[in-house]
2 protein chains.
Amino acid sequence: MTITVIGHKAPDTDSTGSPLIWAWFLSEMRNMPAEAKLLGEPNTEAKFVLRRWGVAQPGIIADVGAGDDVVVVDTNNIAELPAHINDANVIEIIDHHLLQGGLKTKGPINITVRPVACTATIMHDLMGDQAAAMPEAIKGLMLSCILSDTLEFRSPTTTVTDRALAMKLADDLGIVIADYAAEMFAAKSDVSAFSDAELLRMDSKEYEVAGHKLRISVLETTAPSVVLDRKASLMESMKTVAAEDGVEQVLLFVVDILNEEATLLVPNDLVRQLAEASFGATVEGDAVVLPGVMSRKKQIIPALKL
Amino acid sequence: MTITVIGHKAPDTDSTGSPLIWAWFLSEMRNMPAEAKLLGEPNTEAKFVLRRWGVAQPGIIADVGAGDDVVVVDTNNIAELPAHINDANVIEIIDHHLLQGGLKTKGPINITVRPVACTATIMHDLMGDQAAAMPEAIKGLMLSCILSDTLEFRSPTTTVTDRALAMKLADDLGIVIADYAAEMFAAKSDVSAFSDAELLRMDSKEYEVAGHKLRISVLETTAPSVVLDRKASLMESMKTVAAEDGVEQVLLFVVDILNEEATLLVPNDLVRQLAEASFGATVEGDAVVLPGVMSRKKQIIPALKL
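This text gives an overview of the structure that appears in the document. (Residues numbered from 1 in each chain as written. Chains lettered and ligands numbered in written order. Predicted model: local features only at pLDDT ≥ 70, side-chain atom pairs only at ≥ 80, totals over all residues. Heavy atoms only, no water.)

Applying the stated criterion across every chain yields a total of 38 salt bridges over all chains. Note that A:Glu276 and A:Arg272 form a salt bridge whose closest N and O atoms lie 3.1 Å from each other. Here A:Glu276 pairs with A:Arg272, and both are found in helix 10 (residues 269–279), just 4 residues apart, close to one helical turn. Measuring nitrogen to oxygen at the nearest pair gives 3.2 Å for the salt bridge that ties B:Arg154 to B:Glu152. Sharing partners across several salt bridges, the network here consists of A:Arg201, A:Glu206, A:Arg215, A:Glu244 and A:Asp245. (Salt bridge = Lys/Arg side-chain N within 4 Å of Asp/Glu carboxyl O. Helix = DSSP H or I, 4+ residues; strand = E, 2+ residues; numbered from the N terminus.)

As a further point, take the packing of helix 4 (residues 136–149) of chain A against helix 5 (residues 160–173) of chain A. Helix-helix packing: each pair is described by the crossing angle between the helix axes and the interaxial distance. Residues and elements named next belong to chain A. Running from N to C, helix 4 and helix 5 point in directions that differ by 140°, and their axes come no closer than 9 Å. With respect to helix 5, the axis of helix 4 lies oblique. In this structure, helix 4 crosses over helix 5, and the sense of that crossing is left-handed. Between helix 4 and helix 5, the residues in contact are Glu136, Lys139, Gly140, Met142, Leu143 and Ile146 and Asp162, Leu165, Ala166, Leu169, Ala170, Asp172 and Leu173, respectively. Looking at the contact of helix 4 with helix 5, its residues break down into 8 nonpolar, 1 polar and 4 charged. (Axes fitted to C-alpha atoms, helices over the stretch in contact; angles between N-to-C directions. Parallel < 35°, antiparallel > 145°, perpendicular 65-115°, else oblique. Left-handed = near helix turned anticlockwise from the far one by under 90°. Contact = heavy atoms within 4.5 Å. Nonpolar A, V, L, I, M, F, W, Y, C, P; charged D, E, K, R; others polar.)

Residue and element names in this part refer to chain B. Axis separation between helix 1 (residues 13–29) and helix 4 (residues 136–150) bottoms out at 9 Å; the angle between their running directions is 150°. Classified by the interaxial angle, the pair formed by helix 1 and helix 4 is roughly antiparallel. Handedness of the helix 1/helix 4 crossing: left-handed. Where helix 1 abuts helix 4, its residues Thr13, Asp14, Gly17, Ser18, Leu20, Ile21 and Trp24 lie against Ile138, Leu141, Met142, Ser144, Cys145, Ser148 and Asp149. Its residues placed into classes, the contact of helix 1 with helix 4 shows 7 nonpolar, 5 polar and 2 charged.

Our focus in this paragraph is the packing of aromatic side chains. If you walk through the whole model with that rule in mind, you get 10 aromatic pairs over all chains. Aromatic side chains A:Trp24 and A:Phe25 sit 6.4 Å apart centroid to centroid with 50° between the ring planes, which places their arrangement in the tilted category. A relative accessible area of 0% means that A:Phe25 is categorised as buried. Measuring from ring centre to ring centre gives 6.1 Å for B:Trp53 and B:Tyr180, while their planes differ by 80°; the resulting arrangement is edge-to-face. Linking B:Trp53 in the loop between helix 2 (44–52) and strand 3 (69–73) with B:Tyr180 in helix 6 (residues 177–189), this pair joins segments that are 127 residues apart in sequence. On the accessibility criterion, B:Trp53 (10% relative accessible area) is buried. Members of the aromatic cluster, each reached through a chain of ring pairs, are A:Trp22, A:Trp24 and A:Phe25. Looking at B:Arg52, its charged tip hangs above the ring of B:Trp53, at a distance of 4.3 Å from the centre. (Phe/Tyr/Trp six-rings, centres within 6.5 Å; stacked < 30°, edge-to-face > 60°. Buried < 20%, exposed > 50% of the residue type's maximum accessible area, 1.4 Å probe, protein only. Lys NZ or Arg CZ within 6 Å of the ring centre and 35° of its normal.)

The next subject is the interface of chain A and chain B. Residue-level contacts link 23 residues of chain A with 23 residues of chain B. Between chain A and chain B the total buried area reaches about 1,900 Å² when both faces are included, carbon and sulfur atoms providing 57% of it. For the chain A face of the interface with chain B, the top three residues by lost area are A:Leu99, A:Pro108 and A:Ile111, together amounting to 34%. Linking chain A to chain B there are 0 salt bridges. Across the chain A-chain B interface, the total number found is 8 residue pairs in polar contact (both at pLDDT 80 or more). (Buried area = accessible area lost by both parts, 1.4 Å probe. Polar contact = N/O pair within 3.5 Å; in protein donor to acceptor, adjacent residues only side chain to side chain.)

Next up on the list: the relation of the copies chain A and chain B. Superposition record for chain A on chain B: RMSD 0.0 Å, screw rotation 180°, translation along axis 0.0 Å. A rotation of that kind, with that shift, is consistent with a two-fold axis. Take the interface residues of chain A: 100% of them recur as interface residues in chain B, which is what a same-surface contact looks like. (Least-squares fit on C-alpha atoms with pLDDT ≥ 70 in both.)

What follows is the structure in structure tokens.
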């Protein structure tokens with residue numbers, strides 16, 4: 001049976017690229033036939049990366065079947081996985097997020113979680129000497145995953161391991177990191193075609209803060225004005241998205257990659273109180289700039305309180 | 001702050017030895033001061049192993065404090081961990097059991113789960129080249145953990161990695177495995193001093209089977225008659241232990257290490273039905289022999305049904 005390798009439901013570059021990397025490794029190096037699948041449409045940066053390295057976009061699946069052999073990468077959160085994940089036969093997990101405590105396995109399996117910026121970095125470590133066998137396209141995906149998740153080493157999640165590996169890969173591939181990252185971020189910033197609701201759900205995770213169920217959305221961009229010019233209609237759309245997704249409030253952080261700051265939209269009093277309690281910010285009007293804030297994992301989630 | 005390294009609540013050799021091994025590694029090789037602690041009295045085999053390698057028995061703790069830095073080894077099951085484990089700051093997990101889905105972490109941490117027989121085997125792999133720096137006592141603990149968890153390579157949980165590592169350690173230490181394992185198993189079999197209730201709880205894990213909460217106890221011994229001669233009073237004691245521990249039934253499997261079989265005590269109709277449905281056994285009387293059954297993880301838990 002072919003193994004299915006999946007990331008999470010909002011495929012960014014790491015969650016699109018790392019299933020492809022691991023499916024290559026299992027198939028070619030471990031003699032375990034494996035195929036990457038996506039749980040949704042990849043974002044514009046991930047689509048650019050696939051084109052750039054000549055890799056076909058993996059098929060999108062709606063669910064996994066009972067008894068399917070599945071490798072889960074870049075998440076361990078059942079809310080971000082197919083509805084029937086606990087009926088499937090999860091055979092491996094590779095991730096760099098906190099342990100959510102919902103995923104169970106039927107037997108002892110390989111689980112590797114490391115506090116690095118990027119899933120692909122962990123995969124390189126797990127490959128050991130066999131990493132040398134990676135073809136150019138797999139190296140290109142790996143480099144792209146690291147540059148995406150670290151925002152070209154700007155994010156505080158970046159470790160020396162992520163950076164050293166990206167440098168080595170770029171060197172092998174003859175890639176100038178600054179130029180290539182700029183192309184990736186331009187692709188990620190090209191979001192004008194998306195509806196407000198699509199933007200709010202593009203890179204979004206649910207968390208509970210002091211009993212409030214929140215959808216915490218982040219848009220990383222080199223052109224924040226493209227998003228911020230639509231502020232009014234985005235805030236209007238938050239109500240529908242929150243109702244449809246069964247949460248109390250959507251928070252939208254627009255991360256300005258180049259200026260290393262985030263703008264949080266402030267549609268109401270709840271979000272104003274959250275911004276003031278969590279970031280010590282003084283909110284005037286319907287948005288607040290949070291200098292230095294770039295990482296949901298390191299800077300937003302741990303700070304949120306009411 | 002000193003890091004606390006703990007195993008599970010019923011300290012056998014792996015759950016006593018591997019916290020000591022990892023505390024050594026963190027303190028001496030990573031410059032992270034760490035101390036092994038136990039969550040209960042170690043079993044007779046673990047006590048023998050500590051004496052044999054001249055290692056002081058770690059202190060026993062009743063709980064962990066909020067904010068304590070804790071490394072959890074040889075389990076990921078909150079039922080087998082201190083009451084306030086989710087208030088502590090769990091910084092690493094090293095384990096070889098199925099993911100139970102209860103433990104959460106505050107941020108992304110190092111988690112390494114591998115389907116090998118023994119936690120100490122995973123630690124050796126994580127140490128990389130630094131394993132060469134292990135002093136004799138740490139090597140001795142590591143060898144003991146592997147021989148204990150694999151029942152001297154007889155258990156079906158044994159992997160080539162566990163076996164090769166044990167052979168190498170024995171060679172380094174000048175130990176004859178057959179002789180040393182016999183001494184360990186003799187120590188483990190020396191359980192005449194324990195009460196019935198203590199025996200039932202000595203190596204015991206809670207599981208739910210078809211809606212029935214069960215305490216599944218295993219006693220590995222080279223002298224099964226020492227335990228089986230007490231069959232009647234053990235079955236009487238099961239009622240009290242079940243009531244005190246809030247489970248419906250205690251199952252006791254007496255594993256005969258040398259003859260590679262288990263005897264399951266059958267005090268009532270529920271256990272008889274379980275034995276017949278799970279192992280295809282024909283039960284006559286108050287005990288049934290299950291040929292080849294040695295591992296709770298590989299052979300008992302996956303088979304149990306009603």
